[in-house]
Amino acid sequence: MNSILEIEKMSLQFGGVKALDNVSFHIVKGEIFSLIGPNGAGKTSMLNCISGLYQPTTGSIRYKGKEIVNMKPYNRTKLGIARAFQNIALFAHMSVLDNLKLGRHTLMHSGPLSGGLYVGKASKEEIKHRRKVEEVIEFLELQDIRHTPVGTLPYGLQKRVEVGRALALGPELILLDEPMAGMNNSEKDLMARFILDMHEVMDTTVVLIEHDLGIVMNLSDHIAVLDFGKCIGFGTPDDIQKNQDVIKAYIGEETVI
Ligand SMILES: Nc1ncnc2c1ncn2[C@@H]1O[C@H](COP(=O)(O)OP(=O)(O)OP(=O)(O)O)[C@@H](O)[C@H]1O
């Protein structure tokens, strides 16, 4: 199986709290992979470890076969890992377009002076960045709000721009932390379609944290279930729905997933 990311025996401790406890799973290139579990189970901590915001206490993270556990976040971005945050991390007073352009800043090689003057290498770079940003604007249907300050947009659209900021990095692996939180049903359906298209059209591997189990079961190729920092289930949606540990610990004994 062609894994893009392998998590092996990973633990993360905050004082007496084991946010992650000896977790192992792998993610197949090109798939939609969901992380589920009750509040406080360790899902966001896992994304923080993958993106490099948190340093695991022990364990290994291999991306395309390379150990990245000690790598700085911006170097992981350069390798093709991008992240959209649960709490929107955009500049509210800036336009949608400028937020997406700024998102690509980590990838720019030319300095601010040449970049500002649009000369030589910098101008070529600017064209390449602009092309990618325009592609994302079209893909996420943000054309009508491209010049709107993000802070004035309804919450659902801000979430979409937050996803766009990560997507504008052209990632091979995108980490989406509750991209549908706070959305109404039609906004959720639209976001689900964008996620499917990221996977089918852009060939991006998607890691999704989502509380709506219906959406998770429909979208995912594989799922890992965390509970109190431990991975209590890993498999296809079918496997997870039959997993008695998951049913007991996460859903409650009476519930059928
Ligand atoms: N920076 C931190 N400092 C101390 N404790 C933390 C920190 N980050 C997370 N934790 C703790 O780690 C545990 C896992 O938290 P985490 O946010 O990863 O869970 P989660 O599954 O994403 O929850 P939710 O669904 O509510 O977002 C919790 O007990 C949390 O309080």
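Residues numbered from 1 in each chain as written. Predicted model: local features only at pLDDT ≥ 70, side-chain atom pairs only at ≥ 80, totals over all residues.

An unreviewed UniProt entry lists the protein chain under the name Amino acid/amide ABC transporter ATP-binding protein 1 (HAAT family), with Psychrobacillus insolitus as the source organism.

Participant: Could you clarify how one ought to interpret unusual backbone geometry in this entry?
Facilitator: The bulk of non-glycine residues show a negative phi, and the bulk of peptide bonds are trans. Despite not being glycine, Lys 9 has its phi angle at roughly 45°, a positive value. The topology assignment puts Lys 9 in strand β1 (residues 3-14). Of the residues examined, Lys 9 has 12 C-beta atoms within 10 Å and is grouped as exposed. (Helix = DSSP H or I, 4+ residues; strand = E, 2+ residues; numbered from the N terminus. Buried ≥ 20, exposed ≤ 12 C-beta atoms within 10 Å, placed from the backbone.)

Participant: When you look at the sheet that holds strand β2 (residues 17-28) in this model, what are you seeing that I'm missing?
Facilitator: Within a sheet, adjacent strands bond to each other through the backbone by hydrogen bonds, running parallel or antiparallel. Pairing in this open sheet of 4 strands is antiparallel, and the strands run β2-β1-β4-β5 from one edge to the other. On the outer flanks of this sheet lie β2 and β5 (66-67), each paired with one strand and no other. In the sheet, β1 pairs with β2 via 8 bridges, with the strands oriented antiparallel. The partner of Gln 13 across the bridge, within β2, is Lys 18. Sheet strands in contact with helix α1 (residues 43-51) are β1, β2 and β4 (58-63), and its direction is about 115° off that of β1. (Pairing = 2+ DSSP bridges. Contact = placed C-beta atoms within 7 Å. Axes fitted to C-alpha atoms, helices over the stretch in contact; angles between N-to-C directions.)

Participant: Looking at this structure, I do not really get the site of the ligand. What am I missing?
Facilitator: Residues in close proximity to the ligand include Phe 14, Val 17, Ala 19, Gly 37, Asn 39, Gly 40, Ala 41, Gly 42, Lys 43, Thr 44 and Ser 45, which together make up its full environment. Contributions of two or more residues to the shell around the ligand are made by β2 and α1. Taken together, the residues of the shell around the ligand break down into 4 nonpolar, 6 polar and 1 charged. (Near = placed C-beta within 6 Å. Nonpolar A, V, L, I, M, F, W, Y, C, P; charged D, E, K, R; others polar.)

Participant: Hey, could you run me through the environment of Ala 168 in this one?
Facilitator: Among the structural elements, Ala 168 can be located in the loop between α6 (155-167) and β7 (173-177). Through-space distance from the C-alpha of Ala 168 to that of Arg 104 is 6.5 Å; in sequence the pair is 64 residues apart. Ala 168 has contacts with Leu 100, Gly 103, Arg 104, Lys 132, Val 133 and Val 136, leaving out every residue within four places of it along the chain.

Participant: Got a minute to help me understand the sheet that holds strand β3 (residues 32-36) in this structure?
Facilitator: Strand order in the open sheet made by the 6 strands is β6-β7-β8-β3-β9-β10, with mixed pairing throughout. The sheet is open, and its two borders are formed by β6 (81-84) and β10 (230-235), each paired with just one other strand. For this sheet, the mean inter-axis angle between neighbouring strands, taken without regard to orientation, is 15°. With 4 bridges connecting them, β3 and strand β8 (residues 205-209) associate as parallel partners. For Ser 34, the partnering residue across the bridge sits in β8 and is Leu 208. Contacting β3, β6, β7, β8 and β9 (222-227), α1 crosses the sheet at an angle of about 150° to β7.

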